[in-house]
Amino acid sequence: MNDAQIEQGPANRWTSLNIGLHWLIVVLIALQYLVTADGMEKMYDAMMGGSSGSGGLFTLGNAHIAVGTTVLIAALIRLWDRFAHGRPAMSDGAPNWAHLLAKVTHFLLYATLILMPIGGLLGYFLKNEFFAEAHHLAAEVLIYVIALHVLGALANHFWFKT
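Residues numbered from 1 in each chain as written. Predicted model: local features only at pLDDT ≥ 70, side-chain atom pairs only at ≥ 80, totals over all residues. Heavy atoms only, no water.

## Focus: helix α5 (residues 129-159)
Every α-helix winds through 3.6 residues per turn, so residues three or four apart in the chain are directed the same way.
Turning to step 1, where the next piece is worked out: Counted at 1.5 Å a residue, the expected span for α5 with its 31 residues is 45 Å, and the 44 Å between its end C-alpha atoms agrees.
Turning to step 2, where the next piece is worked out: Restricting attention to buried positions, one finds in α5 the residues A132, H135, A138, A139, L142, V145 and A155.
Turning to step 3, where the next piece is worked out: Buried-residue contacts for α5 involve α2 (16-48), α3 (55-85) and α4 (96-125).
Turning to step 4, where the next piece is worked out: After α5 finishes, the residue K161 shows a positive phi value of roughly 55 degrees. (Helix = DSSP H or I, 4+ residues; strand = E, 2+ residues; numbered from the N terminus. Expected span 1.5 Å × (residues − 1). Buried < 20%, exposed > 50% of the residue type's maximum accessible area, 1.4 Å probe, protein only. Contact = heavy atoms within 4.5 Å.)

Given below as structure tokens:
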């Protein structure tokens with residue numbers, strides 16, 4: 001560790017663990033939407049209809065469960081790391097409304113990344129339509145929260161120059 005790193009301290013930047021988990025979650029969420037979601041929905045419908053579905057559906061459905069569980073674990077570790085090591089301070093270059101929007105967006109991201117997989121697991125293993133529907137709704141909400149997060153990051157970089 002050099003002198004600049006010692007002076008900065010961990011709260012002046014995200015930890016390597018936090019950054020790594022961020023990008024792992026990004027890749028896993030993309031995988032969920034692009035590859036496994038349709039198979040999981042069909043497997044769930046088959047299960048609710050009394051069938052196990054085909055081998056391909058079973059594979060995609062179980063992959064969706066495994067990836068979703070990994071997202072849950074990664075989000076929980078990332079949240080722990082954020083509280084244990086702090087987070088970088090909000091930059092002075094952005095207006096107060098942008099800081100508030102960032103806080104709300106981060107809260108919604110963490111809440112969705114934690115509650116969505118729990119709802120999916122409860123919906124599947126308990127064969128509970130309420131939790132399954134909540135999971136499906138959260139998946140739709142997550143797309144908009146991610147878009148807001150990306151727009152905020154781009155605004156910070158290009159508009160506020162922070």
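## Here we look at a nonpolar patch on the surface
Turning to step 1, where the next piece is worked out: On the surface, a nonpolar cluster with roughly 620 Å² of combined accessible area is contributed by L31, Y33, L34, V35, I143 and Y144.
Turning to step 2, where the next piece is worked out: Broken down by secondary-structure element, the contributors of at least two residues to the nonpolar patch are α2 and α5.
Turning to step 3, where the next piece is worked out: Sort the elements by how many residues they give to the nonpolar patch and α2 lands first, with 4 residues.
Turning to step 4, where the next piece is worked out: Tracing the backbone shows L34 in helix α2. (Patch = residues over 30% accessible without salt bridge, like charges linked within 9 Å, V, L, I, M, F, W, Y side chains within 5 Å. Areas by Shrake-Rupley, 256 points an atom, 1.4 Å probe, with all protein chains shown as cover. Salt bridge = Lys/Arg side-chain N within 4 Å of Asp/Glu carboxyl O.)

## Some words on the packing of α2 against α4
Turning to step 1, where the next piece is worked out: Where α2 meets α4, the closest approach of the two axes is 12 Å, and the angle between their N-to-C directions is 20 degrees. The angle between α2 and α4 falls in the class roughly parallel. The two elements α2 and α4 meet at a crossing, and its hand is left-handed. Contact with α2, carried on its side by I25, I29, M40, M43, Y44 and M47, involves L113, G123 and Y124 of α4 and no other residues of that element.
Turning to step 2, where the next piece is worked out: Here the residues of the contact of α2 with α4 sort into 8 nonpolar, 1 polar and no charged. (Axes fitted to C-alpha atoms, helices over the stretch in contact; angles between N-to-C directions. Parallel < 35°, antiparallel > 145°, perpendicular 65-115°, else oblique. Left-handed = near helix turned anticlockwise from the far one by under 90°. Nonpolar A, V, L, I, M, F, W, Y, C, P; charged D, E, K, R; others polar.)

## A look at the pattern of salt bridges
Turning to step 1, where the next piece is worked out: Here the structure, examined in full by the defined rule, presents 1 salt bridge.
Turning to step 2, where the next piece is worked out: For K42, the salt bridge identified is with D38, shortest N-O distance 3.1 Å. Separated by 4 residues within a single helix, K42 and D38 lie in helix α2, roughly one turn from each other.
Turning to step 3, where the next piece is worked out: Judged by relative accessible area, which is 46%, D38 ranks as partly exposed.

## Things to note about the environment of V150
Turning to step 1, where the next piece is worked out: The topology assignment puts V150 in helix α5.
Turning to step 2, where the next piece is worked out: For V150, a relative accessible area of 41% gives the class partly exposed.
Turning to step 3, where the next piece is worked out: Separated by 31 residues in the primary sequence, V150 and G119 place their C-alpha atoms 25 Å from one another.

## Some words on the environment of A94
Turning to step 1, where the next piece is worked out: Positionally, A94 belongs in the loop between α3 and α4.
Turning to step 2, where the next piece is worked out: Classification of A94 as buried rests on a relative accessible area of 10%.
Turning to step 3, where the next piece is worked out: Between the C-alpha atoms of A94 and K161, which are 67 residues apart in sequence, the distance is 8.3 Å.

## Some words on the nonpolar core
Turning to step 1, where the next piece is worked out: Within the largest apolar cluster, 17 residues are counted, with the highest numbers of intra-cluster contacts made by I25, I29, V71, A75, L113, M116 and L142.
Turning to step 2, where the next piece is worked out: Secondary structure elements with two or more residues in this core: α2, α3, α4 and α5.
Turning to step 3, where the next piece is worked out: Examining the composition of this core, we find that 5 residues originate from one element, α3, more than from any other.
Turning to step 4, where the next piece is worked out: Excluding residues that lie within four positions of it along the chain, I25 makes contacts with V71, A74, A75, R78 and L113.
Turning to step 5, where the next piece is worked out: Judged by nonpolar contacts, the second largest core, of 7 residues, contains M40, M43, M47 and Y124. (Core = buried A, V, L, I, M, F, W, Y, C linked by side-chain atoms within 4.5 Å.)

## Some thoughts on the environment of G93
Turning to step 1, where the next piece is worked out: With respect to the helices and strands, the residue G93 is situated in the loop between α3 and α4.
Turning to step 2, where the next piece is worked out: Using a relative accessible area of 46% as the deciding quantity, one classes G93 as partly exposed.
Turning to step 3, where the next piece is worked out: For the pair G93 and A63, spaced 30 residues apart in sequence, the C-alpha separation works out to 43 Å.

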